[in-house]
Amino acid sequence: MVTLTVAIHGAGLVLLTQLLRLEAKHEESGHLHPASLRGWVTLLFAVLALVGTHGVEIWLYAFLYLAIGAIETLRDAVYFSTITYGAIGYDDAVMAERWRLVSAIEGINGILMIGWSTAFLIRIVGLLRKV
């Protein structure tokens, strides 16, 4: 799962980078200020794309929990996965004891992916200032 989420996250960031490069090329002559409406829309698009990428990764962990029988319902699996991925924490009573290490790994994985996204957003804001 770690390998899969890293691959998904990396592919998402590459795709998003390509989309934003198209935006930067389009704006070369007009200078895109980060506080402009177009700057805000670009940043909002990037944030929503990142949230969507994290959502895919969270749902994959939820489906894994269902597939291995660690959690019984989709609702509980998605909720558990979301708060584990974000390292918020949860009473792991819903998790089958023999699979608890998987949720710990998801927490570490999620923090790394969130950090990667944060670094990406900081880079985007820096690039918007240069355009």
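All values reported here derive from a predicted model rather than from experimental measurement.

Draft legend 1. Region of interest: the overall build of the protein chain. A tally of regular secondary structure across the protein chain gives four helices and zero strands. Overall, the protein chain shows an N-to-C arrangement of helices and strands of α-α-α-α. By the burial criterion, 31% of the 131 residues in the protein chain qualify as buried. Total accessible area on the protein chain stands at roughly 7900 Å², and carbon and sulfur atoms take up 69% of it.

Draft legend 2. Fine view of helix H3 (residues 74–85). For H3, with 12 residues, the first-to-last C-alpha span of 16 Å sits near the 16 Å given by 1.5 Å per residue. Within H3, the full set of buried residues consists of Ala77, Val78, Phe80, Ser81, Ile83, Thr84 and Tyr85. Of the residues trailing H3, Ala87 is marked for its positive phi of about 60°.

Draft legend 3. Up close: helix H2 (residues 37–67). When the terminal C-alpha atoms of H2 are compared, their 44 Å separation across 31 residues agrees well with the 45 Å that a helix rising 1.5 Å per residue should span. Every buried residue belonging to H2 is among Gly39, Thr42, Leu43, Ala46, Leu50, Thr53, His54, Glu57, Ile58, Tyr61, Ala62 and Tyr65, and all of these are buried. Remark: Gly69 follows H2 within two positions and exhibits a positive phi of approximately 80°.

Conventions we followed
Residues numbered from 1 in each chain as written. Predicted model: local features only at pLDDT ≥ 70, side-chain atom pairs only at ≥ 80, totals over all residues. Heavy atoms only, no water. Helix = DSSP H or I, 4+ residues; strand = E, 2+ residues; numbered from the N terminus. Buried < 20%, exposed > 50% of the residue type's maximum accessible area, 1.4 Å probe, protein only. Areas by Shrake-Rupley, 256 points an atom, 1.4 Å probe, with all protein chains shown as cover. Expected span 1.5 Å × (residues − 1).

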